[in-house]
Structure formats: structure tokens, C-alpha cells
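Observations on chain architecture
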Amino acid sequence: MSEIRPSVLVTGGAKRLGAAMSRAFGEAGWHVVIHYNSSGAEAEKLASSLESAETVGCDLSDGNAAVAMIESLAGKLPNWAALINNASIFAPDDVTDLDPDTNRKAMQVNALSPARMAQAYLANAQSQAGRRVIQITDQKLANPNPDFFSYTMSKHALDATIEMLSMGAAREDDRIYGLAPGAILASHDQTSEEAEISHRMNLLERRTDAEEIAKAAVFLAGGALHTGQTLYVDSGQHLLRQPRDVIYLAREGNAA
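Cut-offs applied
Residues numbered from 1 in each chain as written. Predicted model: local features only at pLDDT ≥ 70, side-chain atom pairs only at ≥ 80, totals over all residues. Heavy atoms only, no water. Helix = DSSP H or I, 4+ residues; strand = E, 2+ residues; numbered from the N terminus. Expected span 1.5 Å × (residues − 1). Buried < 20%, exposed > 50% of the residue type's maximum accessible area, 1.4 Å probe, protein only. Salt bridge = Lys/Arg side-chain N within 4 Å of Asp/Glu carboxyl O. Pairing = 2+ DSSP bridges. Axes fitted to C-alpha atoms, helices over the stretch in contact; angles between N-to-C directions. Contact = heavy atoms within 4.5 Å.

**Focus: helix H1 (residues 16–27)**
- Taking 1.5 Å of rise per residue, 12 residues should cover 16 Å, and H1 covers 17 Å from first to last C-alpha, within 8% of that figure.
- Counting buried positions along H1 gives nine out of 12 residues, so the element sits mostly inside the fold.
- Immediately downstream of H1, the backbone of Gly29 shows phi near 95 degrees, a positive value.

Written out as C-alpha cells, the structure is:
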């Protein structure tokens, strides 16, 4: 069989960490499928800057539409080697006041749709070598705090899929991985000044760069690690015990 450029789908691939991963895969010689919901213009601009890329729009709050997108791509991509479930909703609620609407949206977009998409990918995608599913989780899995309660619940649910998919849905040459970033980019209502402080709240007291996450994703897509593993890229943040999200720790420290 002649060599065909491997393809990767990056959900939420037009902005922030998703864009960094899309660029990294493009630079590594992959055909990049950039998923977007409301960022179509950004997705098209990014795709035009890569050697081999296309875009696909889908609202992941519609689980059936998300599965249909995977099935459609599986019929088109001859060497679909990796699926990166990166798209996510990050909205505030906390341990004393779970917001049901926030929870439903977070669980759907951050966990249920990615789980169904991974299942559809493993059932339908064709690849010249083993296939890779990379679930983007969060260092909060190992370093919990009471903030962003529904978001954190959803990431724990996504994390639970990694080992189970490895055991029950994947072929012997497939790999299911987790990739857990720390605080990388300004998020929620942070100012750039607050982000500069909060993103150094880790063991190395340094800012982890988005490109480090992107390089880790490309590495995992190579399948060098045993299936079921999660790679933390956070300058050691997950090894700390932080009582609140670093957004608020930085803000409270500034106000003191």
C-alpha cells in the first residue's frame, strides 16, 4: 500500500490550545481536520495556512450530530490516524452551588459527545497503522479544588473513558491516551496580568506554553506509550495541593 498522509481531527481546533495542536500536526506532515462550532472564520484562516487541512463545523452539544460527523469523516479519510477530543466548555459553578444548566452542557460537550465520538471513530475509521484517541483532560484530575465544579466533573467523566476504551473498544494496535494540561492560557474572566501570576503557580514557577501541549499531542499520536496512560504537561502543577482554582488564588493574592 502506498504511503498516505495521516489525518487527525482536532475538535475545537481553530482557537487556543486546539489551534496550537492543529499547527503542530500540520508542521509534522499530517492532514489536519479542524473542527469548529462558532469559529468558522478562524478555522478557515488556520486551514489556509497549513499545507494540508480542511474544516468541519458541528455543535458538540448535539451528540447525534457529533457521531454523524465522525461517521462522515471516516468515509472520506483513507488514513485517519488520530482523534483529539479537545473542545470543551469552561464555565463557573462551585461545590456549594452546582448549576444544572452549566452541568448539562459541560457533561455533554466535555464528556458524553467525546465518548460517543471515540466509539464511532474506533468503529469506523480506517488507518494504515494503529489509531489514536487523545482525550484532553486537565491537571485538576490530580489536583482538585471546589471551583468550576461541573467542568471538573465532566473532565473526570472523560478521564474514565480512557482505560475503558482501551480495554473494550480498541484493537491491539490502537492507543487511547489522556493529555492533561495545566494553566496555559488566560481563561474565564482573567486579565493578562492575573494569568501571568496564576500560570506560574506550579512546582517550576514557570508558564507552560501552548506549544508544549501541542508537541505532547504529536508525540502521543505516534503511539510510543502503552495504551491507557495520561501525560501531564503542567510544569508540576498537578503535584501541588491548591485550595482554589489558580484564577482565584492569583486574584485573591493581588487583593491582599
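Let us keep going from here.
**A short note on the pattern of salt bridges**
- Here the structure, examined in full by the defined rule, presents 15 salt bridges.
- Of the charged contacts, one joins Lys76 and Glu54 as a salt bridge, the two residues approaching to 3.3 Å between their closest N and O atoms. Pair noted here: Lys76 is in helix H3 (residues 63–76) and Glu54 is in strand E3 (residues 53–57), with a separation of 22 residues, a long-range link.
- With its nearest N and O atoms 2.8 Å apart, the salt bridge here joins Arg131 to Asp174. Taken together, the residues span a long stretch of sequence, with Arg131 in the loop between helix H4 (100–124) and strand E5 (132–136) and Asp174 in the loop between helix H5 (149–168) and strand E6 (175–181) at a distance of 43 residues.
- Overall, the relative accessible area of 2% leaves Asp174 in the buried class.
- Among the charged side chains, a salt-bridge network with shared partners connects Arg131, Arg171, Asp173 and Asp174.

**Observations regarding the sheet that holds E3**
- Reading across the sheet, the seven strands line up as E3-E2-E1-E4-E5-E6-E7 and stay open at both edges, with parallel pairing between neighbours. The open sheet is flanked by E3 and strand E7 (230–233), the only strands paired with a single partner. If you compare each strand with its neighbour and ignore which way they point, the axes differ by 20 degrees on average.
- Sheet analysis places E6 next to E7, joined by four bridges and oriented parallel. Looking at the pairing, Leu179 lines up with Leu231 of E7.
- Here helix H2 (residues 40–49) sits on the sheet in contact with strand E2 (31–36) and E3, set at roughly 170 degrees to E2.

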